[in-house]
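So you can see what is in the structure, the chains are spelled out below.
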Amino acid sequence: MFNNKTQSSHTLVIGLMLFALFFGAGNLIFPAMLGQSAGSNVWIANAGFLITGVGVPLLGVFAFGISGSNDLRDMGNRVHPWFSALYTFVLYLAIGPLFALPRAGSVSFEIGVKPFLPQNSGHLPLLIFTIVFFSITCLLSLNPTKIVDIVGKILTPLKLTFIGILVIAAFIHPIGPIQAPTKDFATNSFFKGFQEGYLTMDTLAAFVFGIIIINAIKEKRGSDKKVIAVTCAKAALIAASVLAIVYTSLSYMGASSVSKLGQLSNGGEVLSAVANYYFGSLGNVFLGLMITVACLTTSVGLVTACSSYFHSIFPKLSYKGLAIALSVFSALTANLGLNELIAISVPVLTAIYPLAIMLIVLSFAHNLFKGRRQVYQISLLFTFIVSVFDGLNAAKLSIPAVNSFFSHVLPLYDAGLGWVVPAIVGAFVGHLVGLISGVQSQVAAGQNRDRQVS
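The paragraphs below set out a description of the structure included in this document. (Residues numbered from 1 in each chain as written. Predicted model: local features only at pLDDT ≥ 70, side-chain atom pairs only at ≥ 80, totals over all residues. Heavy atoms only, no water.)

### What about the overall build of the protein?
Rule in force here: Secondary structure elements follow DSSP: runs of H or I no shorter than four residues count as helices, runs of E no shorter than two count as strands, and numbering proceeds from the N terminus. The globule rule used here is 2.2 Å times the number of residues to the 0.38 power, and the radius of gyration it is set against is calculated over C-alpha atoms. In this scheme, a residue with accessible area under 20% of its type's maximum is buried, one over 50% is exposed, and one in between is partly exposed, where area comes from a 1.4 Å probe on protein chains only.
Counting its regular elements, the protein contains 19 helices and zero strands. Since a compact globule built from 454 residues should have a radius of gyration of about 22 Å, the 23 Å found for the protein is in line with a globular shape. Each principal axis of the C-alpha atoms in the protein carries an extent, and together these give about 90 × 55 × 50 Å. Burial statistics for the protein: of 454 residues in total, 50% are counted as buried.

### Some details on the side chain of Ser307
Let me state the cut-off plainly: Here, residues are in contact when the closest pair of their heavy atoms is within 4.5 Å.
One can find Ser307 in helix H14 (residues 267-313). When neighbours within four sequence positions are excluded, Ser307 is seen to be in contact with Tyr319, Leu322, Ala323 and Leu326.

### As for a nonpolar patch on the surface
Here is the rule we go by: Patches were defined on residues exceeding 30% relative accessible area and lacking a salt bridge, with like-charge contacts within 9 Å and nonpolar side-chain contacts (Val, Leu, Ile, Met, Phe, Trp, Tyr) within 5 Å. All accessibility values rest on the Shrake-Rupley procedure with a 1.4 Å probe; residue burial counts only the protein chains present in the view. Salt bridges are defined by distance alone: a side-chain nitrogen of Lys or Arg within 4 Å of a carboxyl oxygen of Asp or Glu.
On the surface, Leu124, Leu127, Ile128, Ile131, Val132 and Ile136 cluster together into a nonpolar patch covering about 510 Å² of accessible area. Counting through the fold element by element, Leu124 comes out in helix H7 (residues 124-142). In this structure Leu124 comes out as exposed when scored by relative accessible area, which is 54%.

### A few points about the packing of aromatic side chains
The cut-off we apply is this: Planes of paired rings set the category: under 30 degrees apart is stacked, over 60 is edge-to-face and the rest tilted, where pairs are Phe, Tyr or Trp rings (Trp by its six-membered ring) whose centres lie within 6.5 Å.
The tally for this structure, following the rule as stated, stands at 24 aromatic pairs. Centroid distance Phe162 to Phe279: 5.9 Å. Interplanar angle 45°. Geometry classified as tilted. Of this pair, Phe162 sits in helix H8 (residues 146-172) while Phe279 sits in helix H14; the two residues are 117 residues apart in sequence, bridging distant segments of the chain. With relative accessibility at 7%, the residue Phe162 sits in the buried group. Taking relative accessible area as the criterion, Phe279 reaches 36% and is therefore assigned partly exposed. Every member of this aromatic cluster is reached through a ring pair, and the members are Phe89, Tyr92, Tyr309, Phe310 and Phe314.

### Let's talk about the pattern of salt bridges
Oppositely charged side chains can pair when the atoms bearing their charge come close. Taken as a whole and assessed by the stated rule, the structure comprises three salt bridges. Lys114 is paired through a salt bridge with Glu110; the nearest N and O atoms lie 3.1 Å apart. Residue Lys114 is classed as partly exposed on the basis of its relative accessible area, which comes to 38%. The partner of Glu269 in a salt bridge is Lys114, with the nearest N and O atoms 3.4 Å apart. Taken together, the residues Glu269 in helix H14 and Lys114 in the loop between helix H6 (100-112) and H7 connect sequence positions 155 residues apart. Put simply, Glu110, Lys114 and Glu269 are held in one network by salt bridges that share partners.

### Observations concerning unusual backbone geometry
A positive phi is found at Asn188, a non-glycine position, where the angle reads about 50°. Among the secondary structure elements, Asn188 is positioned in the loop between helix H9 (183-186) and helix H10 (189-196).

### Looking at the environment of Cys138
Following the sequence through the fold, Cys138 ends up in helix H7. Placed 255 residues apart in sequence, Cys138 and Asn393 show a C-alpha to C-alpha distance of 36 Å. With residues up to four places along the chain from it excluded, the contact list for Cys138 reads Ala323, Ile324 and Ser327.

### Considering empty space enclosed by the protein
Rolled over the atoms, a probe as big as a water molecule pinpoints where empty space is left. As a reminder of what qualifies: Both cavities and pockets are sets of points on a 1 Å grid over the protein atoms alone; in a cavity a 1.4 Å probe fits but cannot get out, in a pocket the set is open with protein on both sides within 12 Å along at least five of seven lines, and lining residues sit with an atom within 4 Å of a point. Grid points are joined across faces, edges and corners, and a volume is the space filled by probe spheres set on the points.
Summed over the entire model, instances satisfying the criterion amount to one cavity of 30 Å³ or more. When its volume is computed, the largest cavity comes out at roughly 40 Å³. As for the largest cavity, its lining consists of Phe99, Arg103, Met201, Leu341, Ile342 and Ser345. Among the elements that make up the lining of the largest cavity, the one with the highest residue count is helix H16 (residues 338-364) (three residues).

### Topic: the layout of surface pockets
Worth spelling out the cut-off: When residue character is reported, Ala, Val, Leu, Ile, Met, Phe, Trp, Tyr, Cys and Pro are called nonpolar, Asp, Glu, Lys and Arg charged, and the others, Gly included, polar.
Looking at the second largest pocket, its volume works out to about 1,100 Å³. Around the second largest pocket, the lining comprises 34 residues; the ones closest to its centre are Asp184, Lys192, Gln195, Glu196 and Val346. Looking at side-chain class alone, the lining of the second largest pocket contains 15 nonpolar, 12 polar and seven charged residues.

### What to know about the nonpolar core
Across soluble globular proteins, you tend to see nonpolar side chains buried next to one another. Convention followed: We define the nonpolar core as a collection of buried residues of types Ala, Val, Leu, Ile, Met, Phe, Trp, Tyr and Cys that are connected through side-chain atoms lying within 4.5 Å of one another.
Leu58, Tyr87, Leu91, Leu204, Phe207 and Trp419 are the most contacted members of the largest nonpolar core, which totals 125 residues. Tallying contributions element by element places H14 first for this core, with 15 residues. Residue contacts for Trp419: discarding those within four places in its chain leaves Phe194, Tyr198, Pro354, Ile357, Met358, Thr383, Val386, Ser387 and Asp390.

### Here we look at the packing of helix H11 (residues 202-221) against H16
Rules: In this analysis, axes come from line fits to C-alpha atoms, helices being fitted only over the stretch in contact, and the angle between any two N-to-C directions falls in the range 0 to 180 degrees. The scheme is simple: roughly parallel for angles under 35 degrees, roughly antiparallel for over 145, roughly perpendicular for 65 to 115, oblique for anything else.
The geometry of H11 relative to H16 is characterised by a closest axis approach of 9 Å and an angle of 50° between their N-to-C directions. The angle between H11 and H16 falls in the class oblique. Here Asp202, Thr203, Leu204 and Phe207 of H11 lie close against H16, whose contacting residues are Leu349, Ile352, Tyr353, Ala356, Leu359 and Ile360. Of the residues belonging to the contact of H11 with H16, the class tally is eight nonpolar, one polar and one charged.

### Things to note about the state of the cysteines
Cysteine pairs can be linked by a disulfide, which is a covalent bond between their two sulfur atoms. Counted only if it meets this: Cysteine sulfurs are considered disulfide-paired once they come within 2.5 Å of each other.
The final tally for this structure, using the stated rule, is zero disulfides. Left unpaired, Cys295 is separated from the closest cysteine sulfur, that of Cys306, by 16 Å.

### A word on the environment of Asp71
When you line up the elements, Asp71 lands in the loop between helix H3 (42-67) and helix H4 (72-76). A relative accessible area of 28% places Asp71 in the partly exposed class. Along the backbone, Asp71 and Pro422 are 351 residues apart, and their C-alpha atoms lie at a distance of 27 Å.

### Topic: H7
Cut-off, in case you're wondering: Expected span, for any helix, means 1.5 Å times one less than how many residues it has. The arc in question is the one spanned by the directions pointing from the helix axis to the C-beta atoms.
With 19 residues, H7 extends 27 Å from end C-alpha to end C-alpha; this agrees with the ideal 27 Å at 1.5 Å per step. When H7 is considered as a whole, its buried residues turn out to be Leu126, Phe129, Thr130, Phe133, Phe134, Thr137, Cys138 and Ser141. The arc that holds every buried residue of H7, seen down its axis, measures 160°, which confines them to one face. Exposed positions of H7 whose direction lies more than 90 degrees from the buried face are Leu124 and Leu139.

This is the structure in structure tokens:
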């Protein structure tokens, strides 16, 4: 049996493990960029960012702890098997070859290589770098080794230490005064920050990481649902606290950098410029090496997870072949550049992220509506009807007539959160439909019994 000290130690280890899973090198760039853009509205924008960049992802992990689901497909079956299959497929594409994987290569280049190149160096350096980066990724994915785990365990504290030094320097000796917000953050900065949190993709990743955490708890603490839920909640609180501190500090660092460094194009440039400002080229070298190796570790994990998943649904495709194909595709996609990758990902994430949020929320309320499938189905349908148009707006493919209608009838639509009210209404409608269907089923069953008796 675990004593209290052992239990607390194990919970702390799980919490730090959860933090390490979510604290990918790519996530560093978004709060820094948010700070630059939000300016004097940085604190309220950061509050919105923390909800979708920290709170919802960790609730997603906790949802596995209370639902008893084995994986995303199991949880998605509460909606419908077809939804489960399709949404899981789309999610793995998003956190794999379409966005997260190529972003790992692009972030590495942006922070680890680009600061040392002349301004007009052309596209060739990025091409060479991504070929090397994803070749190493592929080799490590095909030949799993403890080296990746060791590097990750050593690198995470080193990375945190250096980022901590940067942030402390920014608080003690700010680069300059915080400037006015950009146009996008001048109004509705909280909701803008809320949507910026989508870019971390951590809520989507929570559906993959969640089961890892639950299994780690089961291994030490057994299968008691209450123990799993309590341990998971405590671990999530630990991870959330550390993530919130890191993200908030990076947001402030970005906000205080604009007056002297200017408005930069992405968070990778912000981190590099700040490192150079405080520590010169040596700071760039150290930060670049850490971020590159961290991204490499992340990319190996993503290739391994995605290859295993796609092999499970397409058994005729070998794990080795899938790992090679994912690495090649990601290398090609990474050559679009970090800014372009982010721009492409925004419309897709804007459309699918609300579905993930509502699936998590409904999982917590599952027992209240007795798990009626209609609640999941109608709530997610109403959510998607609105979020898909939010995605089109983000892609600059807006439909004026639809936008005009939704702006008049849906609260928060102009802030990009028009899906919230339809999601809630859909849940209530689904609950009523479920109740009516249940009554009709009972009546039909009673009539059948009467016929059998007669």
